[in-house]
Amino acid sequence: MAGSTIGRLAAVLRHGRNADGGWGYYPGKASRIEPTCWAALCLARAETLSAGSSDAALRWLAARQRPVGLIDDATGELPNIGFNGLAVLAVRNADLWSSGRATRLIDALGRTKGAAAEDGKASRQDNALQGWSWIEGTFSWVEPTSWCLLALKRSPALLPARERAARIDEAERLLLDRVCQSGGWNYGNSNVLGKELNAHVPTTALALLALQDRRDHPSAQKSLDYLTRHRLAEPAGMALSLTSICLRVYGVPAADVDERLATIAETHAFFNNLHITAMALYCLTAEDHDVDDFRL
Amino acid sequence: MTSTTSGCSDEAPREQRRRGLDISTGVRLSRRAFLVGLPLAAAVAAWQRPPYRKEDFVLPARSPVALLPARGYDADFADVIGRGLAMFDLDVRGKRVFLKPNLVEYEAGTVINTNPHVVAGAVEAFLRAGAREVVVGEGPGHRRDIEYLLTATGLSDVLADLRVRFADLNHDDVARVKLASRFTGLTEMWLPVELVKSDVIVSMPKLKTHHWAGLTASMKNFFGVVPGAVYGWPKNLLHVKGIPNSIVDLNATIRPHFTIVDGVTAMEGDGPIMGRPRALGMLAMGTDLVAVDATCARVIGLDPSKIPYLRTASAFLGNIDRNRIVPVGEPLSRYATQFDVVEHFRSIRLAG
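Residues numbered from 1 in each chain as written. Chains lettered and ligands numbered in written order. Predicted model: local features only at pLDDT ≥ 70, side-chain atom pairs only at ≥ 80, totals over all residues.

Q: Kindly report on the overall build of chain B, identifying the contributing residues and their values.
A: Helix and strand counts for chain B stand at 13 helices and 13 strands. When each of the 352 residues of chain B is scored for burial, the buried share is 58%. For chain B, the proportion of contacts with a sequence separation of at least 24, taken over those separated by at least 6, is 76%. (Helix = DSSP H or I, 4+ residues; strand = E, 2+ residues; numbered from the N terminus. Buried ≥ 20, exposed ≤ 12 C-beta atoms within 10 Å, placed from the backbone. Contact = placed C-beta atoms within 7 Å.)

Here's what the structure looks like:
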């Protein structure tokens, strides 16, 4: 991978850091959980980037942790549960988070569940299953469920075994219940009002990461096949980055994904989105870390 | 509307006051919280009171609605929209204009989104009308990957040519805003600073039937301003609180100034994503979004009084009564047709 591209992305990330130690989605915007987590992942793993260390990002995340365990943005709103799942991956190996902080975060996620949806005729799915919602009081969706499932699987010692196993089992069943006919995942339902919905690349890559230890399941295999065939179908930073991580975890060669990612970085630089910049940088430096943060 | 900002300037409260977006109203209890502990009679009386302050809203005596022809997407939209703007009393000179198109999802060959050429035409028309700045912004409710949507739809190229900035509303800084009506039971929401600090807010929807709301046009389009980074995708809180309630609360609070509806090729059937393209060859415009949406409903053969959010909004936000809507431009009859709708919305068709 061209070092100059990596260097440019690292410079963007370095200049985009806020004085409080976190990153916003765009330069000059307030620090938020998601871009700060990706920056932390990136900087912790690729010290040769000259983009600074991850310590400030981890301190920002620690400062935003509520007593109940979840991290919130500086908005005072309900915490974004999906991004708290991502945060578990970002802080997992950090000394700052080795005390009770990580335990409280995982414990809070373990106690959080999507709201029960009414059984209706709109979708052909099992509404009794609950994973994780984006915010409390709403329904379970593929992305937050995948982030939180991956977080729980990555943190075996931090929850009582029976409780952890039950949440993992239900979340896995939810994801497998929502697989699209083509393989892969839409955002939530796989069908609505009698019509099959299309799968999308980012949701599919993320759900497959959460199900990597179930890779022999026919739905996982079908979805991996979908992702492999559609790996370049959504040529944008988020889709390509998640695909790159996912295919690397599954051992599927995908150099063309990283090449496309680098090309986009050079053409429009992800429209200055720092979150996507950090995701791309993480992927383009994968030779350093082999996406270990996402492996079970 | 009270505005507590997060990582932003403090322009929002001043602008909200100017627009009549109440920033001084004290926090009131939600309807549900208020009812708890009240005797039944008092609860019934409270229930019957509308969840907004009547003095904050004035229904227009008459609402002009313009239907203007545009046969295809190769039309000169700057000209069409410029002529439309001239029909209304909307002074944008020296102001920051915010255009909110409808970007939801991309599927090749479909008409899910507001066409980029219509957006480009609006940018040019508002700049010609003297706007100081035009910003285009959206926070897609489905696909959070805005980079993909912008490039796949071609909107990023169009905006780059015009040197116009795009605001990613899902990931913008946010301001805490008091709701001007409380049909959802919520008292406040977080909204993007880019929206809140604008002088003139323009809805630019694609005209579509909608399998949960019946119709999506000017008013429903504001689901896209709710920041996903705060509320998640697909802005599920709005569904949980009721789609009609949420549409009304957002419009009562934001008080958009104008709308330009892309009805050049609309969508019928299982909208807003899986419906079929249906050529109408028109743009609809106006300052009363309720009246414009009611007119669009009639154009596609739907009864606005049977669309819950339009019926609710007609009590205090705008007009749906034919006698209070003044057609300017082309007559409704030129475009009137019957769109297909999903089965559970058959009853809202004008034909019955």
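Q: Could you give an account of unusual backbone geometry, with specific residues and numbers?
A: For the bond running from Trp233(B) to Pro234(B), omega is 0 degrees, close enough to zero to count as cis. Of note, Pro234(B) is situated in the loop between α9 (228–231) and α10 (236–240). The omega torsion across Gly271(B) and Pro272(B) is 15 degrees, close enough to zero to call that bond cis. Assignment of secondary structure puts Pro272(B) in the loop between β11 (258–268) and β12 (276–286). Here the phi dihedral of Asn272(A) falls at roughly 65 degrees; this positive angle occurs in a residue that is not glycine. Structurally, Asn272(A) is set in the loop between α11 (255–267) and α12 (274–284). We classify Asn272(A) as partly exposed; it has 15 C-beta atoms within 10 Å.

Q: Describe helix α4 (residues 77–86) of chain B, naming the residues involved and giving the relevant values.
A: Residue and element names in this part refer to chain B. Listing the buried residues of α4 in full gives Phe77, Val80, Ile81, Gly84 and Leu85. Across the axial projection of α4, the buried residues extend over an arc of 135 degrees, all falling on one side. Lining the buried residues of α4 we find β2 (63–69), α5 (116–128), β11 and β12. (Arc of directions from axis to C-beta.)

Q: Please provide a residue-by-residue account of helix α7 (residues 161–177) of chain A, values included.
A: All names here are of chain A. Its 17 residues give α7 an end-to-end C-alpha distance of 24 Å, which sits within 8% of 24 Å, the value for a rise of 1.5 Å per residue. Among the residues making up α7, those that are buried are Arg167, Ala171, Glu172, Leu174 and Leu175. Burial along α7 is one-sided: seen end-on, the buried residues are contained in an arc of 160 degrees. Facing away from the buried side of α7, by more than 90 degrees, are the exposed residues Ala161, Arg162, Ala165 and Asp169. Where α7 is buried, its residues contact α5 (100–110), α6 (142–154) and α8 (201–210). (Expected span 1.5 Å × (residues − 1).)

Q: Got a sec to walk through the interface of chain A and chain B? Specific residues and values, please.
A: Listed by partner, the interface residues are 31 residues for chain A and 26 residues for chain B. The element best represented in the side of chain A that touches chain B is helix α10 (residues 237–249) of chain A, accounting for three residues. Broken down by class, the residue content of the side of chain A that touches chain B amounts to 16 nonpolar, nine polar and six charged. (Nonpolar A, V, L, I, M, F, W, Y, C, P; charged D, E, K, R; others polar.)

Q: So what about the nonpolar core? Which residues, and what values?
A: Core analysis: the biggest nonpolar cluster contains 202 residues, and Ala87(A), Ala122(B) and Leu283(B) have the highest contact counts within it. Look past the residues within four positions of Leu283(B) in its chain and what remains in contact with it is Leu68(B), Ala70(B), Val80(B), Ile81(B), Gly84(B), Ile260(B), Val261(B), Asp262(B), Gly263(B) and Val264(B). (Core = buried A, V, L, I, M, F, W, Y, C linked by C-beta atoms within 7 Å.)

Q: Residues and numbers for the environment of Pro244(B), please.
A: All names here are of chain B. Inspection of the secondary structure assignment puts Pro244 in helix α11 (residues 243–254). On the basis of neighbour counts, which here come to 22 C-beta atoms within 10 Å, the residue Pro244 falls in the buried class. Sequence separation of Pro244 and Arg163 is 81 residues, and the distance between their C-alpha atoms is 36 Å.

Keep in mind that these numbers describe shape and distance, not what the molecule does.
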